[in-house]
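Listed here are the chains, written in short residue letters.
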Amino acid sequence: MVNFKERVYKWLFTILAFSSLVFLAGIIIVLLSESLPIFSKVSVFKFLFGKSWYPTYEPAEFGILPLILASLWVSAGAMAVCVPLGVGSALYLNEIASYRQKAVLKPLIEVLASVPSIVYGFFGMVILAPFLQGFFHIPIGLCALSASLILGIMATPTVCSIADDALSYVPNSFREASFAVGADRWQTLTRVVIPAAGSGISTAVILGMSRAIGETMTVLMVAGGAAVIPGSFFDPVRPMTAAIAAEMGEAPVGGDHYHALFAIALALFAVTFIFNIIAEMISRRFRIKLGLSG
Amino acid sequence: MRLIRRSIVMAGLLLALAAPCYAEKIVMAGSTTVLPIAQKAAEIYMQENSSADISVRGGGSGVGIASIIDGTCDIGNASRPIKSAELEKAAANGRDVKAHVVAMDGIAVIVNTSNSIEGLSKKQLKDIFTGAVSNWSKLGGSDEKIVAISRDSSSGTFEAFATLALDGAKVRSDAVLQASNQAVASTVARTPGAIGYVGLGYITPSVKALPINGTMPSKTTVLTNKYILSRPLFMYTNGAPSGLVKEFLDFIKSSRGQQIADEEGFVALR
């Protein structure tokens, strides 16, 4: 009887575990089959490196370089915000904060992750953008800078909690050994703890970047939406996610525009997929280095 | 005993919930421009005809027409005429799409209240939105960069503007794109150098509407076609409407229905 029950459990959980694989395969198949038709109209090279995105004109132009650059530009800006904030808070939580401070701070930082993205978008649109517009005397506040700042704040909890995990994996014996040879706190932090957790922190940064590049609602509301190759952080930009979200509702199903939007989604998926693989590879190397797994 | 009583109550409740399913049903989908008229008219119509059940969804003009082609709705709302590609698709699906003009809409060109410009010609408007002119000083205003604010290239209002004002020319690629009339109006209200375009109903004291070719956008000038940026709003049906769909469309075209269009900021047909 026990044996039968165990077999049922085993099968049940096997099926559950593999079901997410089925979803992944389904998503990839749909993305491929819905986006391939556009490449009979536009070459892959022209699609990825074309400089104008005019999907509804006759003749239509499907160049997504401005959208790709906008996504990268905004994510890079977000990194500049969330890496110091996220890694800094993780260092504080792990190395400096008392047990009680950590018990209060960590959940509070994680609350940031539970704020719906549309709330961030509203905040950016109504408060941050007009403020930046006045502060920098720029023509319009809805630009790459506003989007970067908001995305950076949004990605901070992701970076912080993964970096925090990485730091907590560093065995205490490392710190004790460092103190034992006479290093002070700062030296221990910069020469022992951070290098030891280095690849874990890199994973945190890359996953934070994935989070930022895939975010949709906020950039749709705050980035300005101009499909032009960004020249500075003060230019309005149109990241890939915003283009898909804004245009999918009105694109005739089965038309070139529709397939082109799927192709953007495919490109976006490829980018985040590569980020995640890199993050996985780095974190594996990290575990081996610390002798946590073979 | 208690179980039996409870199940009788449950059965009664289920029946009460199921009753409205016997009512006649209309599903509408499409243009967010037509949405306020459709929604308000449906509300009032259902108050007066308790047997009618009308559900109204947005989605955009493309969605409205596509839903008629796919047969997933009874009335498809659109702020633009049906395209030839869509007509072909409809024919292939065996649909006979019929258009009903339910109101007129004027597209107003708005600038920030601090802007000293008092009006534009159609050519100047086109120059601004295609990128030929980039500073207000070129048009007699102050030395300030023009921030052109447009709608997403697939919105019905955008298509109408591109046809009516730009003669199909491309909007400058650095134009800021906003997702709704409301978003355009509030961005223009906050941005000194901005110029945008919205439906007539979205002109508020916080923005300044400009006369185009010397004509202010107003209900009269739109209806008489004196104002160049005006367009009809459509409801599409598959074949000639009948039953509840016909009654509802007649209601919208009646003076009561047109009054609703007027109250929602559009231009009544009479």
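Note that the structure is predicted; figures quoted are calculated from it, not measured.

Caption draft 1: Spatial organisation of the overall build of chain B. Counting secondary structure elements, chain B contains 10 helices and 9 strands. If you line up chain B on its principal axes, its C-alpha atoms span 85 × 45 × 35 Å. Taking all 270 residues of chain B together, 45% fall into the buried category. Long-range contacts, defined here as pairs at least 24 residues apart, represent 73% of the contacts in chain B between residues at least 6 apart.

Caption draft 2: Main features of the interface of chain A and chain B. Across the boundary between the two partners, chain A contributes 25 residues, which contact 26 residues of chain B. Sorting the residues of the side of chain A that touches chain B by element identifies helix H5 (117-136) and helix H10 (240-248) of chain A as the ones contributing at least two each. Grouping the constituent residues of the side of chain A that touches chain B by class yields 16 nonpolar, 6 polar and 3 charged.

Caption draft 3: Expanded view of the environment of Val222(B). All names here are of chain B. Within the secondary structure, Val222 is located in helix H8 (residues 219-223). Sequence separation between Val222 and Ile107 is 115 residues; the distance between their C-alpha atoms is 9.1 Å. Beyond its immediate chain neighbours, meaning those up to four positions away, Val222 contacts Met104, Gly106, Leu200, Pro217, Tyr227, Ser230 and Val267.

Caption draft 4: Looking closely at the pairing of strand S9 (residues 230-238) of chain B. All names here are of chain B. The buried fraction of S9 amounts to 8 of the 9 residues, a majority that puts the element mostly inside the structure. Examined bridge by bridge, strand S3 (residues 75-78) and S9 share 3 bridges and lie antiparallel to one another. Bridging across to S9, Ala78 finds its partner in Phe234. In terms of strand pairing, strand S4 (residues 97-112) meets S9 through 9 bridges, oriented antiparallel. The residue of S9 that forms the bridge with Ala99 is Tyr236.

Caption draft 5: Examining the pairing of S3(B) more closely. All names here are of chain B. Neither face of S3 is left uncovered, since the one carrying Ile75 and Asn77 and the one carrying Gly76 and Ala78 both have all their residues buried. The pairing of strand S1 (residues 24-30) with S3 spans 3 bridges and is parallel. Bridge pairing links Met28 to Ile75 in S3.

Caption draft 6: Quick look at the packing of helix H4 (residues 99-114) of chain A against helix H6 (residues 144-169) of chain A. Residue and element names in this part refer to chain A. For the pair H4 and H6, interaxial distance at closest approach is 8 Å and the crossing angle is 130°. The angle between the axes of H4 and H6 places the two elements in the oblique class. The way H4 lies across H6 gives a crossing that is left-handed. Residue-level inspection shows Ile109, Glu110, Leu112 and Ala113 of H4 in contact with H6, the latter providing Ile153, Thr156, Pro157, Thr158, Cys160 and Ser161. Counted by class, the contact of H4 with H6 contains 6 nonpolar, 3 polar and 1 charged residues.

Caption draft 7: A look at helix H8 (residues 185-214) of chain A. When the terminal C-alpha atoms of H8(A) are compared, their 38 Å separation across 30 residues is substantially less than the 44 Å that a helix rising 1.5 Å per residue should span. The sharpest bend along H8(A) comes to roughly 60°, located at Gly198(A).

Caption draft 8: Here's a closer look at the packing of helix H2 (residues 35-48) of chain B against helix H10 (residues 255-263) of chain B. Residues and elements named next belong to chain B. Direction vectors running N to C along H2 and H10 enclose 135°, while the axes themselves pass 9 Å from each other. As judged from the angle between their axes, H2 and H10 are oblique. Seen along the crossing, H2 lies across H10 with a hand that is right-handed. Contact residues: H2 offers Ile37, Lys40, Ala41 and Ile44, while H10 offers Gly257, Ile260 and Ala261. In the contact of H2 with H10, the residues fall into 5 nonpolar, 1 polar and 1 charged.

Caption draft 9: A look at the environment of Asn172(A). Residues and elements named next belong to chain A. Locating Asn172 in the fold gives a position in helix H7 (residues 172-180). Exposure remark for Asn172: the 8 C-beta atoms within 10 Å place this residue in the exposed category. Counting along the chain gives 21 residues from Asn172 to Val193, while the straight-line C-alpha distance between them is 9.5 Å.

Conventions adopted
- Residues numbered from 1 in each chain as written.
- Chains lettered and ligands numbered in written order.
- Predicted model: local features only at pLDDT ≥ 70, side-chain atom pairs only at ≥ 80, totals over all residues.
- Helix = DSSP H or I, 4+ residues; strand = E, 2+ residues; numbered from the N terminus.
- Buried ≥ 20, exposed ≤ 12 C-beta atoms within 10 Å, placed from the backbone.
- Contact = placed C-beta atoms within 7 Å.
- Nonpolar A, V, L, I, M, F, W, Y, C, P; charged D, E, K, R; others polar.
- Pairing = 2+ DSSP bridges.
- Axes fitted to C-alpha atoms, helices over the stretch in contact; angles between N-to-C directions.
- Parallel < 35°, antiparallel > 145°, perpendicular 65-115°, else oblique.
- Left-handed = near helix turned anticlockwise from the far one by under 90°.
- Expected span 1.5 Å × (residues − 1).
- Bend = angle between axes of the 7 residues up to and from the residue.

Interpretation in functional terms is not warranted from these geometric data alone.
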